[in-house]
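Fold and geometry: a report
Listed below are the residues making up each chain.
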Amino acid sequence: MTSPHKTIVFDLDGTLVDSLPDIIASFQHAFASLGLKAPTDEEVRALIGEPLEDMYARFAPEHVSTLCDLYREHYPRNFVNRSRPNPGVIEVLRTLRGRGYKLAVATTKRTDMARRFVEALGMMPALDHVQGTDGFPHKPAPDVIHRALAALGAEGLWMVGDTLNDMEAGRAAGLRTYAVTWGNQDAETLATSAPDELQPDLGRLLEHLPPLPRV
Ligand SMILES: [Mg+2]
């Protein structure tokens, strides 16, 4: 009998990638295209991690579908203008892979957009699976994590994220939770969810995950 692959699940935006400026710019661009006053950077930032439709509904419920269309046309042409992997992330992914772990992304972005984004950043080879949220409940529901693990036939060990939704989803999926403070929510906010680790980097994650025995 073979044991399932041990897998680490990562949130994408804000966690693996510093992607907020490009998301905010595309979000605001859609308002400008319609001649509407765009929300401020801070107003957009506060909602990142929610589905796009929900974000637009907060500001212009009567224009949600048009704004989403404008965003989805603009964002892929501009999503790596400023977005980059966070410092040290690629090295940590390589190290974990080398130690025998599988690596998955679980994001609230739609899967097609998430994969195009990861590919444009050149990060696809560092990951085993990129799972987006396509018409099922988004984080904090655990569904996107369950789907990622099912796609790999894997057992999840840790959920790594930058928001309370990531921590709640990870816990609901039965994973240990690792909050990074370099993303969209600050340490004080993240502490309210009592994650198993609350860290300014991924160093402790590596300490928790020694090389797996070769089978
Ligand atoms: Mg995030």
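Everything numeric here is computed off the predicted structure, so don't read it as measured data.

**Remarks on the overall build of the protein chain**
The number of helices and strands found in the protein chain is 10 helices and 8 strands. In terms of overall size, the protein chain behaves like a compact globule, its C-alpha atoms giving a radius of gyration of 17 Å where 215 residues would be expected to give roughly 17 Å. Reported as C-alpha extents along the three principal axes, the dimensions of the protein chain are approximately 60 × 35 × 30 Å. In the protein chain, which comprises 215 residues, the proportion classed as buried is 50%. Entry remark: accessible area of the protein chain is about 9,900 Å², with carbon and sulfur atoms responsible for 51%.

**Overview of the pairing of strand S1 (residues 5-10)**
Remark: a regular strand shows side chains that alternate across the two faces of the sheet. In this structure, S1 lies alongside strand S6 (residues 154-161), joined through 6 bridges in parallel fashion. Across the sheet, the residue bridging to Ile 8 is Trp 158, located in S6. Where S1 lies against strand S4 (residues 102-106), 4 bridges are found, and the strand directions are parallel. Residue pairing across strands places Phe 10 opposite Val 105, the latter belonging to S4.

**Some points on the domain arrangement of the protein chain**
Segmenting the protein chain into domains produces domain 1 (5-18 + 85-208) and domain 2 (20-78). Using C-alpha coordinates to define each centre, domain 1 is positioned 24 Å away from domain 2. In this assembly, 10 residues from domain 1 lie in contact with 12 residues from domain 2. Each partner contributes to the roughly 1,000 Å² buried at the junction of domain 1 and domain 2, and carbon and sulfur atoms together form 56% of this total. Three residues stand out in domain 1 for area buried against domain 2, namely Arg 110, Met 113 and Asn 184, and they jointly supply 43% of the buried area on that side. On the surface where domain 1 and domain 2 come into contact, there are 0 salt bridges. Counting across the interface, domain 1 meets domain 2 through 3 residue pairs in polar contact (both at pLDDT 80 or more). Partitioned by chemical class, the residues of the side of domain 1 that touches domain 2 number 2 nonpolar, 3 polar and 5 charged.

**Side note on the packing of aromatic side chains**
Inspection of the entire model under this criterion finds 10 aromatic pairs. An angle of 5° between the planes, with centres 4.0 Å apart, marks the rings of Phe 27 and Tyr 56 as stacked. One end of the pair, Phe 27, is in helix H1 (residues 20-33); the other, Tyr 56, is in helix H3 (residues 52-59), with 29 residues separating them in the sequence. With respect to burial, Phe 27 and Tyr 56 carry one shared label: buried. Centre to centre, the rings of Phe 31 and Tyr 56 are 5.5 Å apart; their planes meet at 50°, and the pair counts as tilted. Here Phe 31 is found in helix H1, whereas its partner Tyr 56 is found in helix H3, with 25 residues between them in sequence. Joined through ring pairs, the aromatic side chains of Phe 27, Phe 31, Tyr 56 and Phe 59 make up one cluster. The side chain of Lys 109 reaches across the aromatic face of Phe 117, ending 4.8 Å from its centre.

The rules behind these values
Residues numbered from 1 in each chain as written. Predicted model: local features only at pLDDT ≥ 70, side-chain atom pairs only at ≥ 80, totals over all residues. Heavy atoms only, no water. Helix = DSSP H or I, 4+ residues; strand = E, 2+ residues; numbered from the N terminus. Rg over C-alpha atoms; globule rule 2.2 N^0.38 Å. Buried < 20%, exposed > 50% of the residue type's maximum accessible area, 1.4 Å probe, protein only. Areas by Shrake-Rupley, 256 points an atom, 1.4 Å probe, with all protein chains shown as cover. Pairing = 2+ DSSP bridges. Domains from an automatic or database assignment. Contact = heavy atoms within 4.5 Å. Buried area = accessible area lost by both parts, 1.4 Å probe. Salt bridge = Lys/Arg side-chain N within 4 Å of Asp/Glu carboxyl O. Polar contact = N/O pair within 3.5 Å; in protein donor to acceptor, adjacent residues only side chain to side chain. Nonpolar A, V, L, I, M, F, W, Y, C, P; charged D, E, K, R; others polar. Phe/Tyr/Trp six-rings, centres within 6.5 Å; stacked < 30°, edge-to-face > 60°. Lys NZ or Arg CZ within 6 Å of the ring centre and 35° of its normal.

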